[in-house]
Amino acid sequence: MNEYVTQVRPRWSDMDVFGHINHARTVTLLEEARVPLLFDDATAKGLGDFAKGTVVVRLGVDYKRPIVVDGQPLRVGITMTQLRTASFTLAYRVHTGPSEQDPVAVTAWTLLAPYDTGAARPRRLNEEERAFLLAHIPEVSGA
């Protein structure tokens, strides 16, 4: 499966009393994986509205194995499972280390919506944003 691949570096403070990264910190790592793409890369292409307002509408996380902080970055593969007029769904595969061969510890998804902060409401994706998403995040069904 083709994925947009990035790496995130967990912090020692992300571990809980049980010695693994807890749920809230895992969700933060998902955010850290998508922000450079949707904010930095999109803004560099002249699409700054993602950074001005993109909200998480829904989130699902499945844990396969614990992630322990050991100083290594984590490989995160991102695909798009749905692209609609005013939302898109990203699927994540978080590995226990930086390699594709490292076991998958977490699978997750976020339903995201572009948001107009001035009007305080969701907005539609424009054609340039849709093209950017399709060009940078592989679209798969049922991921």
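Everything below is about the structure shown above.
Residues numbered from 1 in each chain as written. Predicted model: local features only at pLDDT ≥ 70, side-chain atom pairs only at ≥ 80, totals over all residues. Heavy atoms only, no water.

Side note on the side chain of Thr-89
Then step 1. For Thr-89, the position within the fold is in strand E4 (residues 88-95).
Then step 2. Overall, Thr-89 belongs to the buried group, its relative accessible area being 10%.
Then step 3. Look past the residues within four positions of Thr-89 in its chain and what remains in contact with it is Thr-79, Met-80, Thr-81, Gln-82, Trp-109, Thr-110 and Leu-111. (Helix = DSSP H or I, 4+ residues; strand = E, 2+ residues; numbered from the N terminus. Buried < 20%, exposed > 50% of the residue type's maximum accessible area, 1.4 Å probe, protein only. Contact = heavy atoms within 4.5 Å.)

Quick notes on the environment of Gly-60
Then step 1. Mapped onto the elements of the fold, Gly-60 is located in strand E2 (residues 54-63).
Then step 2. Judged by relative accessible area, Gly-60 falls into the buried class, the value being 13%.

Points about unusual backbone geometry
Then step 1. Unlike most non-glycine residues, Ala-120 shows phi in positive territory, near 55°.
Then step 2. Its location among the elements puts Ala-120 in the loop between strand E5 (104-116) and strand E6 (121-122).

Some words on the pairing of strand E3 (residues 74-83)
Then step 1. Most of E3 is tucked away: eight of the 10 residues are buried.
Then step 2. For strand E1 (residues 4-8) and E3, the ladder comprises five bridges, and the chain directions are antiparallel. Looking at the pairing, Thr-6 lines up with Val-76 of E3.
Then step 3. In this sheet, E4 lies alongside E3 in antiparallel orientation, the contact comprising seven bridges. Along E4, the bridge assignment pairs Gly-77 with Arg-93.
Then step 4. Here E3 folds back onto E4 in antiparallel fashion, the turn holding four residues. (Pairing = 2+ DSSP bridges.)

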